[in-house]
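Residue-level structure breakdown
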Amino acid sequence: RKEVEQDPGPFNVPEGATVAFNCTYSNSASQSFFWYRQDCRKEPKLLMSVYSSGNEDGRFTAQLNRASQYISLLIRDSKLSDSATYLCVVGSNFGNEKLTFGTGTRLTIIP
Amino acid sequence: NAGVTQTPKFQVLKTGQSMTLQCAQDMNHNSMYWYRQDPGMGLRLIYYSASEGTTDKGEVPNGYNVSRLNKREFSLRLESAAPSQTSVYFCAIRGRQGAVGYTFGSGTRLTVV
């Protein structure tokens, strides 16, 4: 089983729609959680951290379910500029942290 | 990409050739990392350095060596390149402004023929 698993997609979604991505992780000792965005042929960039209580940043909402070892990302009112690959990322400890990346979910917003 | 500079951006090598990928940061962070990214495999950790003078193996270290030259610089060396090392290589440092995520360099696209 992969440490971090994501549906690779692709998700093709009309502009203005709401889309949700899910991710599961295998290490119950994981302490930190993130969503990264990666545009084609570019480096990954931090989209948002994911906190136990859930958190929101504009049109983006992230949630964490530690019991089920499950992370989600919700994008509301999707824009053409949201087209990218979204990487689910999990960290093993707070100290000298090493992050494990999922393979990513590809999203295309259709005009 | 502010904070992390990688060179070169592109490179083509013949099998058996050697090269060094350079990474430099101006964020004064202790931890630096080298990842490779392959289609369908995601980002995989090659080596990391928790601080100046220390390096540790990651998930896929075979065929690579690293040097943490000083706090700013962390280089990745391929002593004898193989076609299986064709990949996109990213250097990363731990976050910025207190965030614990990583900041990545813009990557090096390496092709070994």
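This structure is a prediction, so every number in the text was calculated from the model and none was measured.

A short note on the pairing of strand β5 (residues 42-49) of chain B
Residue and element names in this part refer to chain B.
- For β5, a buried count of eight out of eight residues is recorded, marking the element as mostly surrounded by other parts of the structure.
- Counted along the chain from strand β4 (residues 32-38) to the antiparallel partner β5, the turn is three residues long, and its residue G40 has a positive phi close to 75°.
- Examined bridge by bridge, β5 and strand β6 (residues 56-57) share two bridges and lie antiparallel to one another. Residue pairing in the sheet places Y47 in a bridge with K57 of β6.
- Taken together, β5 and the strand that follows it, β6, pair antiparallel across an intervening segment of six residues, in which G53 is found at a positive phi of about 90°.

Details of the state of the cysteines
- For the structure shown, the criterion picks out two disulfides over all chains.
- Covalent S-S linkage joins C23 of chain A and C88 of chain A, the inter-sulfur distance amounting to 2.0 Å. The sign of the -75° torsion about the S-S bond sets the C23 of chain A-C88 of chain A disulfide as left-handed. In this pair, C23 of chain A is assigned in strand β3 (residues 19-25) and C88 of chain A in strand β9 (residues 84-91), connecting sequence segments 65 residues apart.
- On the accessibility criterion, C23 of chain A (1% relative accessible area) is buried.
- A residue is classified by how much of its surface remains accessible, and C88 of chain A, at 0% relative accessible area, is buried.
- The residue that forms a disulfide with C23 of chain B is C91 of chain B, at a sulfur-sulfur distance of 1.9 Å.

Thoughts on the interface of chain B and chain A
- Contacts between the two partners involve 22 residues from chain B and, on the opposite side, 19 residues from chain A.
- Of the roughly 1600 Å² buried between chain B and chain A, counting both surfaces, carbon and sulfur atoms make up 53%.
- The interface formed by chain B and chain A includes four residue pairs in polar contact (both at pLDDT 80 or more).
- Those elements that provide at least two residues to the side of chain B that touches chain A are β4, β5, β9 (87-94) and β10 (102-104) of chain B.
- It is β5 of chain B that provides the largest number of residues to the side of chain B that touches chain A, a total of four residues.
- Across the side of chain B that touches chain A, the residue classes break down as 12 nonpolar, eight polar and two charged.

Things to note about the pattern of salt bridges
- For the structure shown, the criterion picks out seven salt bridges over all chains.
- The partner of D77 of chain A in a salt bridge is K79 of chain A, and the shortest N-O contact between them spans 2.9 Å.
- For D77 of chain A, a relative accessible area of 39% gives the class partly exposed.
- K79 of chain A gets classed as partly exposed once you look at its relative accessible area, which sits at 32%.
- Across the salt bridge formed by D38 of chain B and R36 of chain B, the nearest N and O atoms sit 2.9 Å from each other.

Description of the sheet that holds strand β6 (residues 55-57) of chain A
Residue and element names in this part refer to chain A.
- Spatial strand order, β1-β3-β8-β7-β6: five strands in an open sheet with antiparallel pairing. Looking along the sheet, the strands with just one partner apiece sit at the ends: β1 (4-6) and β6. Across the sheet, the mean angle separating the axes of adjacent strands is 20° when strand polarity is ignored.
- Strand direction decides the pairing type here: β6 and strand β7 (residues 60-65), joined by three bridges, are antiparallel.

Looking at the packing of aromatic side chains
- One pass over the full model with this rule turns up 16 aromatic pairs over all chains.
- For the pair Y36 of chain A and F104 of chain B, a centre-to-centre distance of 6.1 Å together with 90° between the ring planes defines the contact as edge-to-face. On the criterion of chain membership, the pair formed by Y36 of chain A in strand β4 (residues 32-38) and F104 of chain B in strand β10 is interchain, its members lying in two chains. Assigned by exposure class, Y36 of chain A and F104 of chain B land together as buried.
- A network of ring pairs unites the aromatic residues F34, Y36 and F101 of chain A together with Y33, Y35, Y48, F90, Y102 and F104 of chain B as a single cluster.

Some words on the confidence of the model for chain B
- Of the residues in chain B, 93% reach a pLDDT of 70 or more, and the chain-wide mean stands at 91.
- Per-element averaging of pLDDT across chain B places β10 of chain B at the bottom with 90 and strand β8 (residues 74-78) of chain B at the top with 98.

So, how was this worked out
- Residues numbered from 1 in each chain as written.
- Chains lettered and ligands numbered in written order.
- Predicted model: local features only at pLDDT ≥ 70, side-chain atom pairs only at ≥ 80, totals over all residues.
- Heavy atoms only, no water.
- Buried < 20%, exposed > 50% of the residue type's maximum accessible area, 1.4 Å probe, protein only.
- Helix = DSSP H or I, 4+ residues; strand = E, 2+ residues; numbered from the N terminus.
- Pairing = 2+ DSSP bridges.
- Disulfide = S-S within 2.5 Å.
- Contact = heavy atoms within 4.5 Å.
- Buried area = accessible area lost by both parts, 1.4 Å probe.
- Polar contact = N/O pair within 3.5 Å; in protein donor to acceptor, adjacent residues only side chain to side chain.
- Nonpolar A, V, L, I, M, F, W, Y, C, P; charged D, E, K, R; others polar.
- Salt bridge = Lys/Arg side-chain N within 4 Å of Asp/Glu carboxyl O.
- Axes fitted to C-alpha atoms, helices over the stretch in contact; angles between N-to-C directions.
- Phe/Tyr/Trp six-rings, centres within 6.5 Å; stacked < 30°, edge-to-face > 60°.
- pLDDT = per-residue confidence, 0-100.

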